[in-house]
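Structural overview for review
These are the residues of each chain, in order.
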Amino acid sequence: PANFAANGNIDATPNDSIEYPVTLTWSHRNRLQETGGIPLRWIDPSVAPEDGTTYRVTLLGETIEGAQTQFFQQNVGLVTDYVIDLQAHTIPEGSAILVARVHTMRDGLASWRPAELKLPLIKPPTNITGTAGHMFEPRSLETYSVGGGV
């Protein structure tokens, strides 16, 4: 698939603020059309898929250390969207990032490279106030705000 997006954002990252449930969307591609015709850009709309094409959605939890644990996989047919409702899944303990993958399936085989997005599972803190000062001047403390983000 191409044009893979989370809530319409094709550039979603773990540092973004994402509202759940998340709607994943993608566009059909046709390897035969592209090898015998005009190559398509990633963001181009869908074309007629090859006969026998289906899609498989896989969800993984990823720790901040990078360890991944799969917790969901389903063949969703020929649709071009899937809604991730976190309340419908048991997220692996310690997961900070949701890895969403979509493979094109044909004749029982998965595409070599899936479309993939990494989304935040935990929201970064916002409106934090801290105090700082110079270690050699104990009375030099100042209060400042820290923006929301990682």
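See the structure above.
The following paragraphs examine the structure supplied in this document.

The rules behind the values
- Residues numbered from 1 in each chain as written.
- Predicted model: local features only at pLDDT ≥ 70, side-chain atom pairs only at ≥ 80, totals over all residues.
- Heavy atoms only, no water.
- Helix = DSSP H or I, 4+ residues; strand = E, 2+ residues; numbered from the N terminus.
- Areas by Shrake-Rupley, 256 points an atom, 1.4 Å probe, with all protein chains shown as cover.
- Buried < 20%, exposed > 50% of the residue type's maximum accessible area, 1.4 Å probe, protein only.
- Core = buried A, V, L, I, M, F, W, Y, C linked by side-chain atoms within 4.5 Å.
- Pairing = 2+ DSSP bridges.
- Contact = heavy atoms within 4.5 Å.
- Salt bridge = Lys/Arg side-chain N within 4 Å of Asp/Glu carboxyl O.

What follows concerns the overall build of the protein. Each helix and strand counted, the protein has one helix and ten strands in total. What you see in the protein, going N to C, is helices and strands ordered as β-β-α-β-β-β-β-β-β-β-β. As displayed, the protein has an accessible area near 9400 Å², and 52% of this comes from carbon and sulfur atoms.

So, about unusual backbone geometry. That bond from Tyr20 to Pro21 is cis: its omega, 0°, falls within 30 degrees of zero. Examined against the element boundaries, Pro21 turns out to sit in the loop between β1 (2-6) and β2 (22-27). One non-glycine residue, Asn3, lies in the positive phi region at around 55°. By secondary structure assignment, the location of Asn3 is in strand β1. For Asn3, a relative accessible area of 21% puts it in the partly exposed group. We note that Asn7 has phi near 50°; this positive angle belongs to a residue other than glycine.

It is worth spelling out the nonpolar core at this point. Counting residues in each nonpolar core, the largest one holds 22 residues, and the members touching the most others are Phe4, Leu24, Trp26, Val57, Leu59, Ile84 and Leu119. When contributions to this core are tallied by element, the ones reaching two or more residues are β1, β2, β3 (54-62), β4 (68-77), β5 (81-84), β6 (97-106) and β8 (115-120).

As a further point, take the pairing of β5. The two faces of a sheet get side chains in turn, since along a regular strand they alternate between them. Side chains Tyr82 and Ile84 project from β5 onto a buried face, and the interleaved Asp81 and Val83 project onto a face without burial. Both β2 and β5 contribute to a ladder of four bridges, which runs antiparallel. Across the sheet, Val22 pairs through a bridge with Ile84, a residue of β5.

For the rest of this paragraph, the subject is the environment of Arg56. Mapped onto the fold, Arg56 is located in strand β3. C-alpha separation for the pair Arg56 and Leu78, spaced 22 residues apart in sequence, amounts to 9.4 Å. Residues within four places of Arg56 in sequence aside, it is in contact with Gln73, Gln74, Asn75, Arg101, Val102, His103, Met105 and Ala110.

Below, the discussion takes up the pattern of salt bridges. This structure, assessed with the given rule, holds five salt bridges. Residue Glu50 pairs with Arg31 through a salt bridge whose shortest N-O separation is 3.0 Å. On the criterion of sequence distance, the pair formed by Glu50 in the loop between α1 (31-36) and β3 and Arg31 in helix α1 is long-range, its members being 19 residues apart. For Glu50, a relative accessible area of 10% gives the class buried. Arg41 is paired through a salt bridge with Asp44; the nearest N and O atoms lie 2.9 Å apart. Look at Arg41 and you get exposed, because its relative accessible area is 53%. Through salt bridges with shared partners, one network takes in Arg31, Glu50 and Arg106.

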